[in-house]
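Results of the structural survey
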Amino acid sequence: MTQPDVVKGVPMDRGSCPFDPPGIYRELRESDEWRQVEVLGGRKAWMITDHATARDVLADNRFSADRSRPGFPFLQFAQKSFIRAAPVMVTTDEPLHSEIRRRASGAFTRKKVEQLKGFVSDLVDGLIDDMLEKGPPADLHTDFALQIPSFVIAKILGIPAEDHPHFHELTGNIFTLTNTDEQVEAARAALQDYLEEQITTKFDHPDDALLTTFAQAVQAGEMRMADATAQTRTLLIAGHETTASMIGLGTLYMIHHPEVKERVVTGSEREILGIVEELLRILTIMQRGLVRIAIEDVEVNGHLIKAGEGVHIALNAANRDPEVFENPDEVNLEKGTRRHVAFGYGIHQCLGQELARMEMSIAYPRLFQRIPSLTCPLDLGEVSFKNDVTVYGVKDLPVTWE
């Protein structure tokens with residue numbers, strides 16, 4: 001029997017429609033053959049493209065997220081670079097994972113997110129005020145989408161909001177796939193230095209933000225500085241890059257799908273939250289998916305994955321699975337569902353997912369309610385997308401209005 005061809009590199013090219021995942025994922029999901037994908041260093045990983053198997057693998061503790069394990073299937077150098085730093089919640093297994101996660105989880109509870117709603121509402125309105133005062137055109141990504149999560153995560157962590165251009169530039173350099181290993185490492189080291197300085201500041205100037213919690217743990221000998229900076233880095237990157245990309249990309253999607261925009265403008269709170277779920281599902285900005293390594297032989301749907309073999313979970317393919325989602329390539333205007341895997345699944349499911357939902361559920365309707373004629377003057381083919389970055393989105397988004 002002929003061995004199926006290995007897919008050369010994690011598919012990134014979205015083809016003619018920038019809102020859809022690469023077409024090869026549909027072919028792989030509909031095929032009965034198991035295929036492997038080539039990852040960093042020529043290693044191979046089994047591809048998971050259907051929803052049920054994706055959730056099974058992500059919930060199975062026999063598949064490890066620990067990047068220090070020999071043979072781990074890295075997708076890019078940045079992932080490999082970070083193993084030199086302290087372990088973080090997204091790269092550890094139990095029981096260490098829960099121990100690390102507990103230190104930060106209190107800042108992202110539903111109660112804490114509810115308390116931030118007023119702050120986010122005022123922030124969104126202020127940003128729209130600024131856009132209207134300056135007049136069109138504007139760059140929605142820089143002037144709006146990036147500002148919201150940057151100010152919010154800065155408030156939660158307790159770092160200066162005005163520093164967000166600096167940490168955004170550093171994180172961009174870390175995760176731009178076309179950068180050299182040296183450029184990635186230099187940006188990683190610079191970000192670590194910046195965060196260590198911010199934590200050290202809290203030693204003598206404590207407040208009620210999360211970095212003070214980390215700083216006090218360091219002073220008490222309960223946490224190493226390396227651990228504190230590593231956890232802060234993870235929260236900072238996850239807290240602003242992903243939500244900013246969703247706000248920008250989701251806005252562009254609605255500009256091109258006016259029926260979705262109309263529901264966001266006129267819908268009830270429940271309907272708006274449903275649209276947010278559908279946008280998370282259909283856009284799936286974590287375009288490189290997730291990787292794991294088997295720590296023992298595991299049979300998955302009749303296929304043996306041997307200990308030491310990697311798996312690549314294509315989240316954007318799983319989120320378009322017709323076995324789970326009716327008309328999977330369209331936004332369901334009547335009912336959104338949290339069954340998607342845009343935030344991952346299992347113990348590593350995104351800690352800040354409720355915060356992201358809240359930010360989007362305020363930003364989307366307020367933007368189109370206050371600027372109903374908002375549009376992008378460019379054809380889709382002229383918009384610049386982040387095809388070369390782990391987190392997909394728009395690089396910039398020119399908009400105008402009447």
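Note: the structure precedes this text.
Attention in this report is confined to the structure presented alongside it. On a predicted model such as this, the values are computed, not experimentally measured, just so you know.

What follows concerns the overall build of the protein. Counting its secondary structure elements, the protein contains 16 helices and nine strands. Seen through its principal axes, the protein has C-alpha atoms that stretch 65 × 55 × 40 Å. Per-residue burial over the protein gives 55% buried out of 402 residues. Pairs at least 24 apart in sequence give 73% of the contacts found in the protein among residues at least 6 apart. When the accessible surface of the protein is summed, it comes to about 17,600 Å², and 47% of that surface belongs to carbon and sulfur atoms.

What follows is about the side chain of Arg-281. As for its placement among the helices and strands, Arg-281 is situated in helix α14 (residues 269–283). Excluding residues that lie within four positions of it along the chain, Arg-281 makes contacts with Asn-319, Arg-320, Phe-325, Asn-327, Pro-328, Glu-330 and His-340.

Attention now goes to the pattern of salt bridges. Across all of its chains, the model carries 22 salt bridges by this definition. We note a salt bridge from Glu-277 to Arg-357, for which the minimum N-O separation is 2.4 Å. Here Arg-357 lies in helix α16 (residues 353–370) and Glu-277 lies in helix α14, a separation of 80 residues in the sequence. With respect to burial, Glu-277 and Arg-357 carry one shared label: buried. Between Arg-281 and Glu-278 there is a salt bridge, with its nearest N and O atoms 3.1 Å apart. With Arg-281 and Glu-278 both in helix α14 and three residues apart, this pair spans about one turn of that helix. Taking relative accessible area as the criterion, Arg-281 reaches 1% and is therefore assigned buried. If you follow the salt bridges from partner to partner, you end up with Asp-20, Arg-26, Arg-320 and Asp-329 in one network.

The rules behind these values
- What you see as residue numbers is a count from 1 along each chain, following the sequence as written.
- It should be noted that, the model being predicted, local features are given only for residues of pLDDT at least 70 and side-chain atom pairs only at 80 or more, the latter also being counted only at that level, while totals for whole chains, interfaces and linings use all residues.
- Derived side-chain values reflect all non-hydrogen atoms in the structure, with water molecules and hydrogen atoms excluded from consideration.
- Only DSSP runs of H or I with at least four residues qualify as helices, and only runs of E with at least two residues qualify as strands; both kinds are numbered from the N terminus onward.
- Using a 1.4 Å probe on the protein chains alone, a residue whose accessible area is under 20% of its type maximum counts as buried, one over 50% counts as exposed, and one in between counts as partly exposed.
- Contact definition: two residues touch when any of their heavy atoms are within 4.5 Å.
- Each accessible area is a Shrake-Rupley estimate made with a 1.4 Å probe; only the visible protein chains count as cover when residues are assessed.
- The term salt bridge refers to a side-chain nitrogen of Lys or Arg lying within 4 Å of a carboxyl oxygen of Asp or Glu.

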